[in-house]
Amino acid sequence: MLRRLSRGLWNYRSVALIAFTPLLLLPLPLVIETKEAECAFVLLLMATFWVTEVIPLSMTAMLPAIFFPVFGIMKSSDVAKEYFKDFHLLLVGVTCLATSIEKWGLHRRIALRLVTMVGVNPAWLMLGFMSGCAFLSMWVQNTSAVTMVMPIVEAVLQQILKAKEVGCAGEDNPNLQLEETDVEKMKETVSDQKHPGVPAETPPCDQIQTVSQPAAAAQVAVLQPAAPSRSKRDLMICKAMCISVAYSSNIGGISTLPGTSPNLIFSEYINQIYPNCDCVNFGNWLLLCLPISVIMLLLTWMWLCWLFIGSDFKFLWRCGGEQSEKDRAARRVIEDEYRSLGPMSSQEIFTGVVFLLMVLLWLTRSPGFIPGWASLFPHNSGYITDATVALLLGLLFFIVPAYEPSRKYEAMISWKDFQASMPWKVALLVGGGFALAEGTKESGLSLWVAELLTPLGDLPVLATITVACIIVTTVTEVASNAATITIFLPILSPLAEAIHVNPLYVLIPTTLCTSFSFLLPVSNPPNAVVFAYGHFNTMDMVKAGLGVNVIGVLSTLLAVATWGVPLFSLDRYPDWAPVLPGFNTTTP
């Protein structure tokens with residue numbers, strides 16, 4: 001009886017957390033009775049619900065629409081305006097492009113082409129898959145990029161495992177290899193530790209099924225038991241390949257503003273809180289973050305090679321030579337997959353042209369060092385944004401016919417296709433974050449936090465940024481990336497103003513670190529999707545993720561302390577940021 005009662009209480013732990021969290025926070029609005037305290041109540045309640053995910057993230061984002069009017073912080077009509085911003089229009093346009101890329105299979109052609117360029121040695125093959133996934137992740141959702149690449153990876157791994165030749169190039173790393181885990185134990189682990197809402201046997205809800213048959217056939221292989229004759233090296237190759245794909249999606253996503261939701265949230269936050277700041281654009285962000293991605297990708301590749309495949313890096317300068325049976329098997333699979341795509345279709349060509357045109361227009365809209373094409377509209381300065389470009393080109397996919405005139409008219413994408421890939425959950429989550437940020441400003445909570453954090457001005461700026469990056473990187477392992485950045489932006493922005501440092505100097509590195517959720521399968525959906533294939537366990541990811549987190553934080557700090565300074569004028573306090581009198585001044 002007692003056991004049944006305890007099980008029942010455990011099953012309803014979410015309800016208990018939902019009920020008791022507001023009760024524990026009630027002294028803030030009831031005892032202190034200030035607008036700052038009432039806004040803090042909403043902020044802490046949302047942070048708790050976002051971290052624990054006791055209710056859906058998007059519904060937690062609706063709490064400002066309830067509490068801000070009740071507490072008299074903002075009118076309901078004013079709160080509602082915060083839930084649809086320029087960010088959402090950009091998201092719609094980018095999703096149109098991503099839908100067409102996935103529907104017509106352009107992503108498979110890009111990924112397979114990059115893999116064939118690097119060769120079939122396990123280490124080079126891993127670099128090829130990482131490069132392909134990272135490139136795709138720059139333009140589509142990280143989860144979608146992983147679900148595009150993993151069926152190809154799985155097909156190649158199955159062919160490698162079928163090859164019976166034991167000897168192959170390179171050596172195992174005996175110091176850091178984990179104990180061999182049987183396949184059945186891996187399957188049980190998947191069912192227990194997968195990310196909420198991402199089932200092990202089916203793709204996540206925001207995945208779009210591709211039309212190519214080889215991908216579907218490879219995806220069926222996910223749930224097939226692995227060959228019982230796996231050698232220890234085979235297991236290590238499988239672990240390295242799968243983990244590298246998950247990591248590369250996050251690494252590639254930080255390169256562009258539309259690449260991942262934290263970047264877009266940061267961009268819209270800057271536009272909302274600092275409307276006169278015009279230095280955050282697609283071009284500047286790419287110049288800052290693409291080198292970070294390249295550095296992280298190469299160092300992560302070397303780290304995973306050393307950790308799982310072995311510390312012999314002679315293959316880097318080894319050319320030619322006889323290929324093993326496993327190498328030949330892998331090459332056959334990749335070549336067969338690429339040949340099965342056939343010649344490039346007109347739909348792929350059109351999608352590729354629109355993709356290149358969108359990137360070109362983003363880069364040249366307002367590059368900063370020369371006048372961009374937006375200067376052709378001098379009387380409407382600042383009216384055109386990246387969302388304008390994305391929407392204009394995204395609209396073309398609903399107009400341009402997919403087939404020749406002899407067939408019935410059908411647009412490149414339909415509303416059903418678009419709706420299946422549009423991340424409505426992210427859109428609502430981001431809207432809640434904007435409402436929360438505006439509430440902290442209206443209530444005076446942001447100013448109160450700035451005054452509280454003033455003593456940090458005595459520390460070196462880089463030390464303050466490092467601490468902020470470590471905190472954000474730690475929190476994002478247990479909370480969603482979008483929720484983490486939404487919580488920290490209203491806190492870190494007043495911190496920068498308090499110590500009289502360019503807000504971008506603090507916000508840019510912490511935004512990037514929000515994407516560094518590498519430790520656990522539940523840290524983000526891409527990790528969960530790859531984990532569901534059953535090739536590695538949680539401890540494998542923890543060991544690998546610790547090193548990649550260090551690589552990410554150090555690469556980010558290097559960037560903002562060197563080439564980031566002239567790009568965003570980080571060495572001076574900008575005119576567009578408010579000057580808070582009486583606070584300590586610190587310069588980088």
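Further up the page is the structure itself.
Residues numbered from 1 in each chain as written. Predicted model: local features only at pLDDT ≥ 70, side-chain atom pairs only at ≥ 80, totals over all residues. Heavy atoms only, no water.

(A) Main features of the nonpolar core. In this structure, Trp50, Met126, Phe129, Phe266, Trp362, Leu504 and Ile508 are the most contacted members of the largest nonpolar core, which totals 166 residues. With residues up to four places along the chain from it excluded, the contact list for methionine 126 reads Ala240, Met241, Ser244, Trp301, Leu304, Cys305 and Ile309. (Core = buried A, V, L, I, M, F, W, Y, C linked by side-chain atoms within 4.5 Å. Buried < 20%, exposed > 50% of the residue type's maximum accessible area, 1.4 Å probe, protein only. Contact = heavy atoms within 4.5 Å.)

(B) Broad picture of the packing of aromatic side chains. For the structure on display, the rule yields 20 aromatic pairs. Ring geometry for tryptophan 104 against tyrosine 403: centres 6.0 Å apart, planes inclined by 80 degrees, an arrangement best described as edge-to-face. With tryptophan 104 in the loop between helix H8 (86-103) and helix H9 (106-118) and tyrosine 403 in the loop between helix H19 (386-396) and helix H20 (415-421), this residue pair connects regions lying 299 residues apart in the sequence. You can call tryptophan 104 buried: its relative accessible area is 15%. Ring centres 6.2 Å apart and planes at 80 degrees place the aromatic pair phenylalanine 135 and phenylalanine 355 in the edge-to-face group. On the criterion of sequence distance, the pair formed by phenylalanine 135 in helix H10 (residues 122-137) and phenylalanine 355 in helix H18 (residues 346-365) is long-range, its members being 220 residues apart. (Phe/Tyr/Trp six-rings, centres within 6.5 Å; stacked < 30°, edge-to-face > 60°. Helix = DSSP H or I, 4+ residues; strand = E, 2+ residues; numbered from the N terminus.)

(C) View of helix H24 (residues 481-498). Between its terminal C-alpha atoms H24 stretches 25 Å, which fits the 26 Å expected from 18 residues at 1.5 Å a residue. Of all the bends in H24, the largest measures some 35 degrees and sits at leucine 489, one to four residues before the proline proline 490. Most of H24 sits inside the fold, with 17 of its 18 residues counted as buried. (Expected span 1.5 Å × (residues − 1). Bend = angle between axes of the 7 residues up to and from the residue.)

(D) Highlighting the pattern of salt bridges. Taken as a whole and judged by the stated rule, the model has nine salt bridges. Here glutamate 82 makes a salt bridge to lysine 85, at a shortest N to O gap of 3.3 Å. For the pair shown, glutamate 82 and lysine 85 are each scored as buried. (Salt bridge = Lys/Arg side-chain N within 4 Å of Asp/Glu carboxyl O.)

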